[in-house]
Amino acid sequence: MMSNHSTHRWLTCIAVMLMLADLLAGCQLSPSELIPSLARSLESGAPLAGAGTIAEQLQATPEQPGAAGERILSPQAVPTPAPMSAQELNAFLSGPRAFGVEPFCLQLVDTDGDGEREWLGLFELVPLGGTGAAGFVLDGDQMYLLGKSADAHAAEGQDFGTLLSEAPVCQVQVQDVTGDGLVEILVRGLSQAGQHQLSIFSWNRNDAYALLASFGGDAGVEVMDLEQDGLPEIVTIQALWDGVVLREISRWDGMAYRFDRSVYGLAAEFAGSLPANGPEQALVSYYLNLSRRDFQAAYDTLSTEMRSRQDYKAFLLSAAGVRDFWLGELSPPAQEGDVLLFQALLWMEAVENGRLIRRAYRGEWRVGQEQGAWKIFSISLHAFGS
C-alpha cells in the first residue's frame, strides 16, 4: 500500500495531467499539420583526383588520425528507464486516459540539468484526431511538448509539438550529445513507409525543449562516437542495392549538425556475394570485398591487364596488410570512350611496425566492360598532403 506522501504525490501528478490533457483535447489539427519536414544537412563534395597503387599506398605519408579513417562503432547503450510499480503506473495513467490521451514509454530523468527528475514520455495522437506519436516532459505542474515553444503552448489552434513517429515506437534515449553539459532527448520513430527516424531535442534553458535536428534513413539511424572524443556522430543508413548501404555521417559543429561524409558499407548481417551488375556496383563491391577479407572476389573485379601486372599472390600480400577500407560516395562518372571515370575519397587503416595508421586518399578509377562483365581498368590514389 502506498504511503500518504506517495499518494499525495501521485494525486498531484494525476491532477496535473488531467489539466494538461484537457488542454490538449481542446486543440484541433489535421494530420497534415502535425507532420514536420524531415531535416538533413547533406552537402555535396568537390571532385577529386590523384595517383598510386595498393602497394604504394602503405608507403605514403600518413594523415593525422581523425574523422577520415575511424571505424564505425557500436551504437551507444540506451539508458534503462526508471522502474515504476503497477500501482504507480495505473495511478499516473488514469488521469490522461480519462481524456483520451494515452501516454507510454515513460521514464523519470533529469532533462533540464536542475538536479530534479522530470517525467519524460510519449503519447499517441490518434485519440486526439492526429496520427502517430508526440512527446512531453512533465516538470512539476508544467507540461512541455517536445519541439513546441511556450508561445505556441499559449496560442490557440497550435499543434502537439513535433511528430516523432507515425507508429507508436518506444525508443527514447537521454544523453549529452553536443558536449554542452546538458543532456539531449533522442527519440526514435518509424514512418508509415518503414523509414527509421531520429529526433533530437534540447532544453533551451528557458521555456521549451527545442528540436535540434531530425534524421531519416530507410535502413536505420545510428548514434556513434566515431572520433572517440565523447561527441557522437549521427549516421543515417540508406539502402542502395542487395547487401550494400550508404552511411551518411553528420557531426555537431557547436551550433548545428553538419554533413561530414558518406561511405559505403555492408548491410547488416549480409554474407552473400556482392553484385557487380553495373560500374558503380563493381567499384563499390571491390572495396567492400577487401574490407570483409574476400580477396579472391576483389581480385576477380580487376581487368585482365591489371591482373597481368600483379598476380594474385602479390595482390594478396599488398591488400592483406590493410586492416580496413572505407570508400566515400562516388561522384557522377565522366565518359571516356567506352570507359567511365569515377572520383571519390578513400580511407584505409593499416598496422605498420605495431602502430595503427589511418590514411586518406583522393581516388580516381576507370571502370569498363570486359567480356560482358564490369571490371576496374585502373586505380589512381593520392594521399592527402603529399
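Residues numbered from 1 in each chain as written. Predicted model: local features only at pLDDT ≥ 70, side-chain atom pairs only at ≥ 80, totals over all residues. Heavy atoms only, no water.

Enquirer: Can you explain the overall build of the protein chain? Please cite residues and give values.
Expert: Secondary structure assignment for the protein chain yields 9 helices and 17 strands. Looking at the protein chain residue by residue over its 386 residues, the buried ones come to 48%. In the protein chain, the proportion of contacts linking residues at least 24 apart, taken out of those at least 6 apart, comes to 51%. If you sum the accessible surface of the protein chain, you get close to 18,300 Å²; carbon and sulfur atoms cover 50% of it. (Helix = DSSP H or I, 4+ residues; strand = E, 2+ residues; numbered from the N terminus. Buried < 20%, exposed > 50% of the residue type's maximum accessible area, 1.4 Å probe, protein only. Contact = heavy atoms within 4.5 Å. Areas by Shrake-Rupley, 256 points an atom, 1.4 Å probe, with all protein chains shown as cover.)

Enquirer: Before we move on, can you summarise the packing of aromatic side chains with the specific residues and values?
Expert: All told, the structure shown has 11 aromatic pairs when counted by the stated rule. When the ring of Tyr 144 is compared with that of Trp 203, the centres are 5.2 Å apart and the planes differ by 75°; the resulting orientation is edge-to-face. With Tyr 144 in strand E4 (residues 142–145) and Trp 203 in strand E7 (residues 196–203), this residue pair connects regions lying 59 residues apart in the sequence. With respect to class, Tyr 144 is no different from Trp 203; both count as buried. (Phe/Tyr/Trp six-rings, centres within 6.5 Å; stacked < 30°, edge-to-face > 60°.)

Enquirer: Residues and numbers for the state of the cysteines, please.
Expert: Per the counting criterion, the structure on display carries 1 disulfide. Across a sulfur-sulfur distance of 2.1 Å, Cys 105 and Cys 170 are joined as a disulfide pair. Taking the torsion about the S-S bond as the criterion, the Cys 105 to Cys 170 disulfide, at about 80°, is right-handed. Residue Cys 105 is found in strand E1 (residues 103–109), and its partner Cys 170 is found in the loop between helix H5 (150–154) and strand E5 (172–175); the two are separated by 65 residues along the sequence. Judged by its relative accessible area of 46%, Cys 170 falls in the partly exposed class. (Disulfide = S-S within 2.5 Å.)

Enquirer: Any details on the pattern of salt bridges? Residues and values, ideally.
Expert: For the structure on display, the rule yields 7 salt bridges. With a shortest N-O distance of 3.6 Å, Glu 336 and Arg 366 are connected by a salt bridge. Note that Glu 336 is positioned in strand E14 (residues 334–336) and Arg 366 in strand E16 (residues 355–370), a separation of 30 residues in sequence. For Arg 366, a relative accessible area of 30% translates into the label partly exposed. A salt bridge links Glu 352 to Arg 359; its shortest N-O distance comes to 2.9 Å. Taking relative accessible area as the criterion, Glu 352 reaches 21% and is therefore assigned partly exposed. Using a relative accessible area of 6% as the deciding quantity, one classes Arg 359 as buried. Members of the salt-bridge network, linked through shared partners, are Arg 323, Glu 349 and Arg 358. (Salt bridge = Lys/Arg side-chain N within 4 Å of Asp/Glu carboxyl O.)

Enquirer: Break down unusual backbone geometry for me, citing the residues and quoting the values.
Expert: We note that Arg 205 has phi near 65°; this positive angle belongs to a residue other than glycine. Topologically, Arg 205 is positioned in the loop between E7 and strand E8 (209–217). Its identity as a non-glycine residue notwithstanding, Asn 353 has a phi of 55°, on the positive side.

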